[in-house]
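The residues making up each chain are set out below.
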Amino acid sequence: MVIRKSQLFDFIVYLFGAIFLIIDLVNCISKASSIFVVLSFVPILFITLYIFFREDGFLTIDQMLSVYLFMFCYYTPLHQYVDNVNIHGFSPITTTDYAFANLLIILFLLMYVLGRKVRKKNHNIQKFTFNIRLNSISLLILAVLSIGCVLWLQSKHVLFSLNEVASISSDESLSVVILKIIRFIPISSLLLYLYALKDKTISGSYKFNTLMFAVIGIVCFIIFFPINGTISRYLLFGTYLMILHALFERYNHKSIILIIAFLGFYYVFPAFNFFKFHSIDEIGQFALGGFDSSFIDYDAYEMFVQSIHYVSKEGLLWGKNIITALLCFIPRKIWTGKLNQSGALVAGYYGTSFTNLSCPIYAEFYLAFGVLGIVFFSYLFARLVNFIEEGNKTNNTFFRSVYSIAVGMTIPLSRGALLPMTSFFISLVISLIICCLVCQCSIKKGIQR
């Protein structure tokens, strides 16, 4: 096999990655009480790698899903089993629990792969998109809107406050819905600009347009400041992934993704937990973290097992959690029977006071309809990814921006819970539609003049 110079860097990264995985697996086998449980994680690893490498591209939905699967379905739970870690301690996790959970995850992966292979070209997809062009007027309006957003967030004391993500994620009152949409308008504006710049669909003064872009970019940096304690770190880094995708969607070296994921989950991400409980004035106490399988943000696998326990004792939700997520913007004052997010539901069953917990997407499917729920909704989830990907291939600015949003939201949605993460995803799409309408109106007025 001949390795080209352009592929040498990727080859070295993959080689070191393979060596690391083999050594780590052998080490886990030597320390584990049951080799069978350790080996039950191996199919998850292989299917995850298949999903990651099956298609070309940089920062795709499949690649982000693979990063999640590796970290939250293979590597972390494997070490949690070997180290006998039970983060929340709701109920004991047995060898049988690990084996059954892994079988269900494998089922989820197989149905996802099957759904991704079944592709039908949608010729009507253009009917649901905007053909966006930008000019100096539309960029000025978007810049003014972005500045207004940051001022409004500051007036509501949710710009740099501490640890408010729990209430923002779980509340569906009108004011919080508006807050979510407003928070994402600058990001949507930035995505539209980046794609319009690539497609050369921006008219007007180059210097003025660049200035407006700089204003929008600065606002985005302020709202999504890397050490902002208000926003979930998954959402915070997700917004940066959206921008990175828009900038480097045609970049060839996807091994870079593995390096970013390694550094992010091993060092940066655990360290940024500091800013959930400390202000910017305490920056001197900040230090880079390290991997710890007992870290609370790595509770996705455990919450899946606890969801299985919940179903065995309380029964299925019969799709109420899925319906609640899809109708996330209906306030509880109107829909009094609306369920809480699934992580809170499972945690509440065990009587814990802290209920802002994850609930991975396959756990949501299992809570809804059991094994059949995983089969059906995993396949449906894959078909939804196909639809979004098909729109991205149309070279339409709106759908390409939606795809960037989906890339950034893949890990948060996969980790869950489904209700708050769906709410954030829909908020992003609504903010994008608002920005698109602004651009369309400004272009029409410019033509009329």
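Since this is a predicted model, take the numbers as computed values, not measurements.

### Let's talk about the nonpolar core
- Within the largest apolar cluster, 132 residues are counted, with the highest numbers of intra-cluster contacts made by Y74, F108, F304 and M409.
- The greatest single-element share of this core, amounting to 14 residues, is contributed by helix α4 (residues 61–82).
- For F304, the residues in contact, after removing those within four places along its chain, are A101, L104, I105, P360, Y362, A363 and Y366.

### Considerations on the side chain of H245
- Checked against the element boundaries, H245 lands in helix α10 (residues 233–248).
- Filtering out sequence-adjacent residues up to four positions away, H245 remains in contact with F58, L59, Y195, K198, Y403, S404 and V407.

### A short note on the packing of helix α3 (residues 42–53) against helix α5 (residues 95–117)
- Between α3 and α5, whose axes approach to 10 Å, the crossing angle comes to 20°. Judged on the interaxial angle alone, α5 and α3 are roughly parallel. The handedness of the crossing between α3 and α5 is left-handed. Residue-level inspection shows P43, I44, I47, T48, Y50 and I51 of α3 in contact with α5, the latter providing N102, I105, I106, L109, L110, Y112, V113 and K117.

### Let's talk about the packing of α5 against helix α15 (residues 361–392)
- The geometry of α5 relative to α15 is characterised by a closest axis approach of 8 Å and an angle of 25° between their N-to-C directions. For the element pair α5 / α15, the angle class is roughly parallel. As for the relative orientation of α5 and α15, their crossing is right-handed in sense.
- For the contact of α5 with α15, the residue count by class is 19 nonpolar, three polar and three charged.

Cut-offs applied
Residues numbered from 1 in each chain as written. Predicted model: local features only at pLDDT ≥ 70, side-chain atom pairs only at ≥ 80, totals over all residues. Heavy atoms only, no water. Core = buried A, V, L, I, M, F, W, Y, C linked by side-chain atoms within 4.5 Å. Buried < 20%, exposed > 50% of the residue type's maximum accessible area, 1.4 Å probe, protein only. Helix = DSSP H or I, 4+ residues; strand = E, 2+ residues; numbered from the N terminus. Contact = heavy atoms within 4.5 Å. Axes fitted to C-alpha atoms, helices over the stretch in contact; angles between N-to-C directions. Parallel < 35°, antiparallel > 145°, perpendicular 65-115°, else oblique. Left-handed = near helix turned anticlockwise from the far one by under 90°. Nonpolar A, V, L, I, M, F, W, Y, C, P; charged D, E, K, R; others polar.

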